[in-house]
Amino acid sequence: MSSPVSYKLEGIIGVITVNNPPVNALSQPVRQGMLDAITTAQGDDSEAIVIICEGRTFIAGADISEFGKPMQDPFLPELLNTIEASSKLVVAAIHGTALGGGFETALAAHYRCAVPAAKIGLPEVKLGLLPGAGGTQRTPRLAGVKASLDLITSGAPISVGQAGKIGLIDKIIDGDLRDGALAWARELVDAGTSVRKSSEQPVPEFDAAIFDEVRATLAKRARGQVAPGHIVTAVEAAATGSFEDGMAKERELFITCMESPQSAGMRHIFFAERQAAKVDDLAKDTPIRPVESIGIVGGGTMGGGIAMSIANAGIAVTMIEISDEALERGLSIIDRNYAGSVKRGKISEEKAASCRALISGSTDYDSLAEVDMVIEAVFEDPILKKKIFGQLDGVCKPGAILATNTSYQDVDAIAAATKRPQDVIGTHFFSPAHIMKLLEVVRGEKTADDVLATVMALAKKIRKVPVVSGVCYGFIGNRMLRPYGKTAQLLLLEGASPQQVDSAMESWGMAMGPLRVFDLAGLDIGYTARQALSEEEKGDPKTYRIPDLLVELGRMGQKSGSGFYAYDDNRQPTPDPAVDGLIKMAADDLGVERREIQDEEIVDRLISALVDEGRKVLDEGIAQRSGDIDVVYVYGYGFPVSRGGPMFYADNIGEM
Ligand code: 3H9
């Protein structure tokens, strides 16, 4: 088999080219090929060496699919030490994203150049790891302790411009990277520039208090995660000891992380997210319909957030509301959100202005005559939704995709309100829609393949994580939430308090306990929905008596200032003795004996409720695969990524 790495002598420059699509990951053949090439270069007529990549990016990291399996030689840290030890000058030439082991390779080179659009980063923390090939040791020697801690503990990539400012990139190459990098390498040789090993640079001065400060911040920001603290320890070792000792520390901590269930869970989610974007029974060559303009019906919180996501990807949006006032209100919420994003430094003022300029409004459905797609985002009223789809059917051009943003409604029934059910699909965005990454894409019985393929591609374009769901009440996520919520109610009746249930789940890793979630969503929503059901459909009164009583007392949740908790003006919850009394009363009334409940039981029963329903969702073919369910829960419901999602957790219980 031919090697993914080639070596060619071009004049005085030895060029090592990596070609391992799609992202030039450092698989074993790449490591071997690089070792062979650098060894060859030491003995030929080259005077400098350039490492460059084919395809869309520089090396994007170690090959994650090799993790958890026995390590094969050559070992990356040793390969990088060999590169750094080259007697001939080594230049890394970066385009795309130099990430993780890829950027560590560049750090082992003596000089680094990049095209202006390239990015660099050490994202290992997002996989529950730390950079394990010298990244924690070489970065602080070039960029200093503070910048290194920011880069490695956040895992966020930075621009080449920023990397240049902190000493991680030496030269920006405008124009052709290969030509520019070779020319620069020749210049360095001509100037008699000597080899400069990152490992031999002294760490710039730093404030010794920084390590404990960052540890304290991370204890809150990355609650329960092991890798961030280990990163601080490894960088501290770089700053306070020799390179060799630091490398040994990095190795020890890397192995601890690699063997942790947290990293296994996070690596599972990495691949599950990418897998979820694929639809098993769609042919690879399914055509994609062009989507250059989108109409949104409904300018409320949801419609506004969806409009922003779409405009942020450069697609024009026409927002429809029933009156000028409603439209004005909707557009002003969008203005406020953009202003907020600018203030928080999430987006530049210019970018915000150009995205905002793509959003226009109208009160006339005829404005949707020429759009390529419409997303209806009015409130959850099936009759209203069907009426709107009838109207859209009348005005939209043939081939326009008609999507309903719904959390529960029957997409097939909505599609049946049109004469083109093949063009209808569900898109369940999560609130706030311009921030939350999950998008459940609901495939109706008659949804055409190219409509599904187009919406999956659009999701990626607007930077969402799409997961396909079949039609059922609540789709994947909200359907599983029902038994979870019912179990929380039973736990209350049986003796747990709202704060015990929530804190048990939050300590376990959920972003928010179930009762705080229900208070946030509004208890009246479930109450109203229950009123439309028969006693039989409502099920066991034990599963809804408490929220019914709360709503009847005017306690709708956060928005009314009280629900399972009392809320202050800053919407901070405090336990409310009145609720404890109400729970006891309901338990008496329903004949439930109360007892002391351990936190462990709370977690077990709530997670089992999710998982049991998840298995039904899989069996019925509502979800394509169990990893899809994990992605839904991690990206949409605050399930801890370090536990890999409910299904992965259940499959690996005992090891987590
Ligand atoms: C590391 O480096 C550890 C070292 O410090 C120490 C070692 C001792 N490995 O995301 P995409 C696949 S840890 C294997 O859709 P994009 C991916 O699964 C690593 N496979 O493309 C997908 O496969 P498929 C640190 C990988 O353009 C395909 O490539 N590095 C890897 O949207 C396309 O991926 C990272 O964490 C990999 N490293 O985004 C970077 N990366 O087509 C991880 C990708 O079968 N990667 N694949 O579904 C990324 O962040 C994005 O993939 C990237 C491209 C930004 C590069």
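Above: the structure in question.
Residues numbered from 1 in each chain as written. Predicted model: local features only at pLDDT ≥ 70, side-chain atom pairs only at ≥ 80, totals over all residues. Heavy atoms only, no water.

Chemist: Would you mind going over the site of the ligand in detail, with residue names and values included?
Modeler: Taken together, 27 residues lie near the ligand, and Gly 101, Glu 104, Glu 124, Arg 274 and Lys 278 sit nearest. Between the ligand and the protein, one listed contact pairs an oxygen atom with a side-chain N or O atom of Glu 104 at 2.7 Å. A distance of 2.5 Å is found between an oxygen atom of the ligand and a side-chain nitrogen or oxygen belonging to Lys 278. Computed on the free molecule, the ligand has an accessible area of 1,100 Å², of which 77% lies beneath the protein chains in the complex. Every element with two or more residues in the shell around the ligand is listed here: strand S5 (97–99), helix H3 (101–108) and helix H11 (261–276). If you tally residues by element for the shell around the ligand, the top one is H11, at three residues. Each residue belonging to the shell around the ligand can be placed in one class, and the counts come to 15 nonpolar, five polar and seven charged. (Near = heavy atom within 4 Å. Polar contact = N/O pair within 3.5 Å; in protein donor to acceptor, adjacent residues only side chain to side chain. Areas by Shrake-Rupley, 256 points an atom, 1.4 Å probe, with all protein chains shown as cover. Helix = DSSP H or I, 4+ residues; strand = E, 2+ residues; numbered from the N terminus. Nonpolar A, V, L, I, M, F, W, Y, C, P; charged D, E, K, R; others polar.)

Chemist: Describe empty space enclosed by the protein, with residues and values.
Modeler: The final tally for this structure, using the stated rule, is one cavity of 30 Å³ or more. In this structure, the largest cavity encloses a volume near 30 Å³. Along its surface, the largest cavity is lined by Ile 310, Met 373, Ile 375, Thr 427, Phe 429, Leu 439, Leu 458, Ala 459 and Ile 462. When contributions to the lining of the largest cavity are tallied by element, the ones reaching two or more residues are strand S13 (373–376), strand S15 (424–429) and helix H17 (449–461). For the lining of the largest cavity, a count of residues per class yields eight nonpolar, one polar and no charged. (1 Å grid on protein atoms, 1.4 Å probe; cavity = no way out; pocket = protein on both sides within 12 Å on 5 of 7 lines; lining within 4 Å. Points joined across faces, edges and corners; volume = space filled by probe spheres on them.)

Chemist: I'd like a rundown of the sheet that holds strand S6 (residues 111–114), residues and numbers included.
Modeler: The sheet built from six strands is open, its strands ordered S1-S2-S3-S4-S6-S9 with mixed pairing. Edge positions in the open sheet fall to strand S1 (5–10) and strand S9 (171–172), since each of these has one partner strand only. Bridge count for S1 against strand S2 (residues 13–18) is six bridges, and the pairing is antiparallel. Note that in S2 the partner of Val 5 across the bridge is Val 18. (Pairing = 2+ DSSP bridges.)

Chemist: Hey, could you go over the pattern of salt bridges for me, with residue numbers and the actual values?
Modeler: The tally for this structure, following the rule as stated, stands at 36 salt bridges. In this structure, Asp 335 and Arg 356 form a salt bridge, with 2.5 Å as the shortest nitrogen-oxygen distance. Here Asp 335 is found in helix H13 (residues 324–343), whereas its partner Arg 356 is found in helix H14 (residues 349–356), with 21 residues between them in sequence. Its relative accessible area of 38% is what places Asp 335 among the partly exposed residues. For Asp 589, the salt bridge identified is with Arg 545, shortest N-O distance 2.7 Å. One end of the pair, Asp 589, is in helix H24 (residues 577–590); the other, Arg 545, is in helix H23 (residues 545–552), and 44 residues separate them in sequence. With a relative accessible area of 23%, Arg 545 lands in the partly exposed category. Linked through salt bridges whose partners overlap, the residues forming this network are Arg 479, Glu 613, Lys 616 and Glu 620. (Salt bridge = Lys/Arg side-chain N within 4 Å of Asp/Glu carboxyl O. Buried < 20%, exposed > 50% of the residue type's maximum accessible area, 1.4 Å probe, protein only.)

Chemist: How would you summarise the packing of helix H8 (residues 210–221) against helix H9 (residues 227–240) if you had to cite specific residues and measurements?
Modeler: A pair of packed helices is characterised by two quantities: the angle between their axes and the separation of those axes. Direction vectors running N to C along H8 and H9 enclose 170°, while the axes themselves pass 10 Å from each other. Taken as axis vectors, H8 and H9 run roughly antiparallel relative to one another. Of the residues in H9, those in contact with Phe 211, Val 214, Arg 215 and Leu 218 of H8 are Pro 228, Val 232, Thr 233, Val 235, Glu 236 and Ala 239. Of the residues assigned to the contact of H8 with H9, the class counts are seven nonpolar, one polar and two charged. (Axes fitted to C-alpha atoms, helices over the stretch in contact; angles between N-to-C directions. Parallel < 35°, antiparallel > 145°, perpendicular 65-115°, else oblique. Contact = heavy atoms within 4.5 Å.)

Chemist: Describe the pairing of strand S17 (residues 465–469), and please don't skip the residues or the numbers.
Modeler: Among the five residues of S17, five are classified as buried, and the element is accordingly described as predominantly covered. Judged by which residues are buried, S17 turns out to be covered on both faces: Val 465, Val 467 and Ser 469 on one side and Pro 466 and Val 468 on the other are all buried. Bridge analysis of strand S16 (residues 438–442) against S17 gives five bridges, and the strand direction is parallel. Residue Val 441 lies in a different strand from S17, and its bridge partner there is Val 468. Read as a crossover between parallel neighbours, the route from S16 over H17 to S17 is right-handed. (Right-handed = clockwise from strand over helix to strand, strands pointing away.)

Chemist: Any chance you could break down a negative patch on the surface for me, citing the residues and the numbers?
Modeler: A cluster of acidic side chains, namely Asp 45, Glu 47, Glu 187 and Asp 190, defines a negative patch on the protein surface. Judged by relative accessible area, which is 65%, Asp 45 ranks as exposed. (Patch = residues over 30% accessible without salt bridge, like charges linked within 9 Å, V, L, I, M, F, W, Y side chains within 5 Å. Lys, Arg positive; Asp, Glu negative; His and termini not counted. Charge placed at Lys NZ, Arg CZ, Asp CG, Glu CD.)

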